[in-house]
Amino acid sequence: MPDLAELNDFIVIAKAETYVGDGERQPSCRNGSHDIGYVSGRWRYLDSYFGGTDFAGQEIVWYDGEPIWAMNYFGRIIVPDLIDGTRAGMVIKAALMRLYLDEKRFLGGYEFEHAYGRYIDHSTGACDHFTGHEAIMIRERKAYELDYRGGLIVP
């Protein structure tokens, strides 16, 4: 098992290369899923989700072919009159790209101002066990939200 710092670094790169970086879509591993993956050496990452505007998914990391880490999430547009899926995606991708590339992390408090809204993320814990919530605020109203949780998978 690699150390947590190495795992965290891989997760940050994989996240930047897949959804946020418009990575190449893979064939669905489950009927109706949208799958994006990344491989580097002994590491493999898969983000597999269902839905569009309202969606649920799971990210998995394998090391030497063994699953060692997972995160699940559920997100939705709360106020469609304020934001749609396309604009929410633009805010999220811009915010997370800055977080991953500039700060080299995916957990911890983070806020980002965008023309379409203010992105806010709060989480507790570290790479081994965490929970979090992200939101897009427009004129002080929560228009989008996503809850996530994850950590190490121990056999």
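Residues numbered from 1 in each chain as written. Predicted model: local features only at pLDDT ≥ 70, side-chain atom pairs only at ≥ 80, totals over all residues. Heavy atoms only, no water.

Caption draft 1: Layout of the overall build of the protein chain. The number of helices and strands found in the protein chain is two helices and nine strands. For the protein chain, the N- to C-terminal ordering of α and β elements is α-β-β-β-β-β-α-β-β-β-β. For 155 residues, the compact-globule estimate of 2.2 N^0.38 gives 15 Å, and the protein chain sits close to it at 15 Å. Here the C-alpha coordinates of the protein chain stretch approximately 45 × 35 × 25 Å along the principal axes. Out of the 155 residues belonging to the protein chain, those deemed buried represent 46%. (Helix = DSSP H or I, 4+ residues; strand = E, 2+ residues; numbered from the N terminus. Rg over C-alpha atoms; globule rule 2.2 N^0.38 Å. Buried < 20%, exposed > 50% of the residue type's maximum accessible area, 1.4 Å probe, protein only.)

Caption draft 2: Structural detail: the pairing of strand 6 (residues 110-114). Where strand 6 and strand 7 (residues 117-126) come together, five bridges link them in antiparallel fashion. Directly across from Phe112, in strand 7, lies its bridge partner Tyr119. The hairpin turn running from strand 6 into strand 7, its antiparallel successor, is two residues long. (Pairing = 2+ DSSP bridges.)

Caption draft 3: Spatial organisation of the packing of helix 1 (residues 4-17) against helix 2 (residues 85-103). Packing of helix 1 against helix 2 leaves a shortest axis separation of 10 Å and a crossing angle of 140°. By the angle class used here, helix 1 and helix 2 are oblique. The two elements helix 1 and helix 2 meet at a crossing, and its hand is left-handed. On the side of helix 1, the interface is formed by Val12, Lys15 and Ala16, while helix 2 contributes Met97, Tyr100 and Leu101. Class assignment of the residues belonging to the contact of helix 1 with helix 2 gives a composition of five nonpolar, no polar and one charged. (Axes fitted to C-alpha atoms, helices over the stretch in contact; angles between N-to-C directions. Parallel < 35°, antiparallel > 145°, perpendicular 65-115°, else oblique. Left-handed = near helix turned anticlockwise from the far one by under 90°. Contact = heavy atoms within 4.5 Å. Nonpolar A, V, L, I, M, F, W, Y, C, P; charged D, E, K, R; others polar.)

Caption draft 4: Here's a closer look at the side chain of Ser33. With respect to the helices and strands, the residue Ser33 is situated in the loop between strand 1 (25-26) and strand 2 (34-40). Owing to a relative accessible area of 4%, Ser33 belongs among the buried residues under this scheme. Within the structure, Ser33 has its side chain in polar contact with the side chain of Asp35 (distance 3.0 Å). In contact with Ser33, not counting residues within four places along its chain, are Ser28, Ser48, Tyr49 and Phe50. (Polar contact = N/O pair within 3.5 Å; in protein donor to acceptor, adjacent residues only side chain to side chain.)

Caption draft 5: Molecular detail of the sheet that holds strand 7. Read across the open sheet, the nine strands follow the order 1-2-3-4-5-9-8-7-6; overall the sheet is antiparallel. Two strands bound the open sheet, and with one partner strand each, they are strand 1 and strand 6. Relative to the sheet, helix 1 contacts strand 2, strand 3 (43-51), strand 4 (55-63), strand 5 (66-77) and strand 9 (141-152), its axis offset from that of strand 3 by approximately 50°. The sheet contacts of helix 2 involve strand 5, strand 6, strand 7, strand 8 (129-138) and strand 9, and relative to strand 6 the element is tilted by about 130°.

Caption draft 6: Layout of the side chain of Lys15. Relative to the assigned elements, Lys15 resides in helix 1. Excluding residues within four positions of it along the chain, Lys15 makes contact with Val20, Gly21, Tyr45, Glu59, Met71, Tyr100 and Phe106.

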